[in-house]
Amino acid sequence: MRVKIWTFALLFGIGIVIAFPVSSAWAQGAEGSVASRPVVIDDIKLTAQRAALSQLTGERPFILRESSWGGQLKPGEAKLVQIQLFKRNEYQFWFAVANRKAGLNLNVYNANGEMMKTDATTYDTSNVISLLVHPEETGVYYVRLSLQTTIEDPQRWSLIYAYR
Amino acid sequence: MNRPVLFAVFLAGSFSIGIGQDAPAKINLSDPNIVFVQGSVIPIPLEIFASLDKLGVQDWSKQVAVREIKLDTNRSRTAMLFGLVVSEGFIAVQAQDKEAVRGIGREVLRLAGSLGVASSVESHANSIVNAAGNSEWSVVRSELDKTRQTVLNKMAELRDDELVDLVSLGGWLGGTRALAAVLQGNYSIEGSDLLNQPDLVKQLKDDFNTLPARAKRGKVFTQISNTLAHLESLMRTDASGAISKGKVVEISLSTNNLVDAIYES
């Protein structure tokens, strides 16, 4: 019962996350800017957070960071997110877009630009993907996210992460 | 979407990959055509402490500091203090110090009030105080991160972008001070690599140096600039993958002096 209440509280808590999309400091990682900065529910981030839920409980739960990255991505386009990771920790990333037919790629590279070995997780819908990475050393890494050309429209995207 | 459907959507399959579909095995990071997402997420202290604790139990209680804060009209200093106090909260969580966390929760609210964003963080601050009383450390940790992020979001909404950078810088500084102090007291080559953050320091330094002059009024801001430049040279591993104890001591001294200066300025 306690777990159910906690899970519901977590769902509710992140469900009411209010985001200010694409401000320069939106979770310290967004792109572009908007004039009016409307307050909206960030449904894409919510999609990523829902996917993360199962990893946030259990014997070795991940700890989800409140920060995130977001922006707009065209089919066939790739972007890199720079992040400092710490050896001995495990990190899990979740990358989401709105269109459930979208195909996503998510990879992590080290400071030399070499792809890291990761454990990827796919979901029933292809608009969310996740991967687990064990940093070999403390330092800067690059998360590469891209949108496959299986759809035509640009997509708003969100990237979140958790550690343990 | 009802709950069964919601959870069905996220029934996951897991597999190992070395090379992802359509992704190159190696990328040239200096390729001018690469699109980098601007900005960064600053690691919170607990993220770093989690790694250090995997090397053995550390004594975080000595790093808990609840200081008296005298506020003035300098909003930039208040933003730095806000980041610092939140980082002190994370340290107190690590030390599981109830009273310190409760005091920090109240201080967070006072500082948020001075920055004009108290209403946005009030519920989180109250949750911090209540959860600390019940030793619900995971809740305290989560609420501290939410408090931090809520203030950053609110600052951005209010177009106080320079204050956003200063809150982040204050948070990073507080965590680094505690980490260096713990490593100084219990040095290990393995643990020292957690201070290997040259790119992060460079980015913080560059962000700070590009802030408008109006956001850096006061003597302490010159010290911040100088200290960041100094830390950039110290916070990188040598050929053996370690940061020497001498450098750890220097990092500890530099960050401690700067934290003192911000509190006392």
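Values in this document were obtained by computation on a predicted structure and should not be read as measured data. (Residues numbered from 1 in each chain as written. Chains lettered and ligands numbered in written order. Predicted model: local features only at pLDDT ≥ 70, side-chain atom pairs only at ≥ 80, totals over all residues. Heavy atoms only, no water.)

J.: Looking at this structure, I do not really get the overall build of chain A. What am I missing?
T.: Each helix and strand counted, chain A has two helices and ten strands in total. When the accessible surface of chain A is split by element, carbon and sulfur atoms take 54% of a total near 6,500 Å². (Helix = DSSP H or I, 4+ residues; strand = E, 2+ residues; numbered from the N terminus. Areas by Shrake-Rupley, 256 points an atom, 1.4 Å probe, with all protein chains shown as cover.)

J.: Where do I start with the pairing of strand S9 (residues 139-147) of chain A in this structure?
T.: All names here are of chain A. Among the nine residues that make up S9, nine are buried, leaving the element largely enclosed by the rest of the structure. For strand S4 (residues 78-85) and S9, the ladder comprises eight bridges, and the chain directions are antiparallel. Across the sheet, lysine 79 pairs through a bridge with leucine 145, a residue of S9. Of the pairings in the sheet, the one linking strand S6 (residues 104-109) to S9 comprises six bridges and is antiparallel in character. Bridging across to S9, valine 108 finds its partner in valine 143. (Buried < 20%, exposed > 50% of the residue type's maximum accessible area, 1.4 Å probe, protein only. Pairing = 2+ DSSP bridges.)

J.: What am I meant to see in the sheet that holds S4(A) here?
T.: Backbone-to-backbone hydrogen bonds pair the strands of a sheet. The strands run either parallel or antiparallel. Residues and elements named next belong to chain A. Across the sheet, three strands lie side by side as S4-S9-S6; this open sheet has antiparallel pairing. Since the sheet does not close on itself, it has two edges, and those belong to S4 and S6, each with one partner. For this sheet, the mean angle separating the axes of adjacent strands, direction not counted, is 20°. (Axes fitted to C-alpha atoms, helices over the stretch in contact; angles between N-to-C directions.)

J.: Looking at this model, I keep getting lost on the nonpolar core. Mind explaining?
T.: Generally speaking, soluble globular proteins have nonpolar side chains that are buried together. Ranked by size, the top nonpolar core spans 102 residues in total, and within it A:Phe93, A:Phe95, A:Trp157, A:Leu159 and B:Trp172 carry the most contacts. For A:Phe93, the residues in contact, after removing those within four places along its chain, are A:Ile83, A:Leu85, A:Leu106, A:Ile129, A:Ser130, A:Leu131, A:Val133, A:Val143, A:Leu159, A:Ile160 and A:Tyr161. In terms of nonpolar packing, the next biggest core, distinct from the first, is built from 15 residues, A:Ala52, A:Leu53, A:Leu64 and A:Val128 among them. (Core = buried A, V, L, I, M, F, W, Y, C linked by side-chain atoms within 4.5 Å. Contact = heavy atoms within 4.5 Å.)

J.: Just checking my understanding: could you explain the packing of helix H3 (residues 75-94) of chain B against helix H4 (residues 98-114) of chain B for this structure?
T.: Two quantities define a packed helix pair, namely the angle between the axes and the distance from one axis to the other. All names here are of chain B. Taken N-terminus to C-terminus, the directions of H3 and H4 make an angle of 160°; their axes are 9 Å apart at the nearest point. When the axis of H3 is compared with that of H4, the two are roughly antiparallel. Crossing angle aside, the handedness with which H3 passes H4 is left-handed. Residues Arg75, Thr78, Leu81, Phe82, Val85, Val86, Glu88, Gly89, Ala92 and Val93 of H3 pack against Ala100, Val101, Ile104, Glu107, Val108, Leu111, Ala112 and Ser114 of H4. Looking at side-chain class alone, the contact of H3 with H4 contains twelve nonpolar, three polar and three charged residues. (Parallel < 35°, antiparallel > 145°, perpendicular 65-115°, else oblique. Left-handed = near helix turned anticlockwise from the far one by under 90°. Nonpolar A, V, L, I, M, F, W, Y, C, P; charged D, E, K, R; others polar.)

J.: Explain the confidence of the model for chain A here, please?
T.: For any part of a model where pLDDT is low, the fine detail of the predicted coordinates should not be relied upon. With 76% of its residues at a pLDDT of 70 or more, chain A shows a mean pLDDT of 82. Low confidence marks residues 1-39 of chain A, where pLDDT is under 50. Its contacts with residues over four positions away, or in another chain, come to 95 contacts. (pLDDT = per-residue confidence, 0-100.)

J.: It is not clear to me how unusual backbone geometry should be interpreted in this structure. Could you clarify?
T.: Trans is the common state for peptide bonds, and a negative phi is the common state for residues other than glycine. Residues other than glycine seldom take positive phi values, yet A:Arg88 does so here, at roughly 80°. A positive phi angle is found at B:Gln96, which is not glycine, with a value near 50°. Its place among the elements puts B:Gln96 in the loop between H3 and H4.

J.: Can you walk me through the packing of aromatic side chains in this structure?
T.: Each aromatic ring pair is characterised by the separation of its centres together with the angle its planes make. Taken as a whole and judged by the stated rule, the model has seven aromatic pairs over all chains. Geometrically, the ring pair formed by A:Phe93 and A:Tyr161 is stacked, given 5.7 Å between the ring centres and 25° between the ring planes. Note that A:Phe93 is positioned in strand S5 (residues 91-97) and A:Tyr161 in strand S10 (residues 155-163), a separation of 68 residues in sequence. Their ring planes at 10° and their centres at 6.3 Å tell us that B:Phe208 and B:Phe221 sit as a pair that is stacked. Residue B:Phe208 is found in helix H9 (residues 198-209), and its partner B:Phe221 is found in helix H10 (residues 219-234); the two are separated by 13 residues along the sequence. Neither B:Phe208 nor B:Phe221 differs from the other in exposure class; each is buried. Feature note: the residues A:Trp69, A:Tyr91, A:Phe93 and A:Tyr161 constitute an aromatic cluster, connected by ring pairs. (Phe/Tyr/Trp six-rings, centres within 6.5 Å; stacked < 30°, edge-to-face > 60°.)

J.: Any chance you could explain H9(B) here in plain terms?
T.: Taking 1.5 Å per residue, twelve residues should reach 16 Å; H9(B) reaches 16 Å between its end C-alpha atoms and fits that length. All of the buried residues in H9(B) are B:Pro198, B:Leu200, B:Val201, B:Gln203, B:Leu204, B:Lys205 and B:Phe208. On the buried face of H9(B), the contacting elements are S4 of chain A together with helix H7 (161-185) and H10 of chain B. (Expected span 1.5 Å × (residues − 1).)

J.: Help me understand the pairing of strand S7 (residues 118-122) of chain A, please; the structure alone is not making it clear to me.
T.: On any regular strand, side chains alternate: one points to one face of the sheet, the next to the other face. All names here are of chain A. Here S7 pairs with strand S8 (residues 128-133) via four bridges, running antiparallel. Across the sheet, residue threonine 122 finds its bridge partner in S8, namely isoleucine 129. Counting the residues in the hairpin turn of S7 and S8 gives five residues.

J.: What am I meant to see in the environment of A:Glu137 here?
T.: Following the sequence through the fold, A:Glu137 ends up in the loop between S8 and S9. Between the alpha carbons of A:Glu137 and A:Phe86 there is a distance of 6.7 Å; along the sequence they are 51 residues apart.

J.: Explanation requested: the pattern of salt bridges in the structure shown.
T.: Two side chains with opposite charge may pair up if their charged atoms get near one another. According to the stated counting rule, one finds 19 salt bridges over all chains in the structure shown. Residue A:Glu90 pairs with A:Arg60 through a salt bridge whose shortest N-O separation is 2.9 Å. Placement of the pair is A:Glu90 in the loop between S4 and S5 and A:Arg60 in the loop between helix H2 (43-52) and strand S3 (63-73), with a sequence separation of 30 residues. For A:Glu90, a relative accessible area of 9% puts it in the buried group. On the basis of relative accessibility, which here comes to 53%, the residue A:Arg60 falls in the exposed class. A salt bridge links B:Glu107 to B:Arg110; its shortest N-O distance comes to 2.6 Å. Of this pair, B:Glu107 and B:Arg110 both sit in helix H4, three residues apart, which is roughly one turn of that helix. We classify B:Glu107 as buried; its relative accessible area is 16%. (Salt bridge = Lys/Arg side-chain N within 4 Å of Asp/Glu carboxyl O.)

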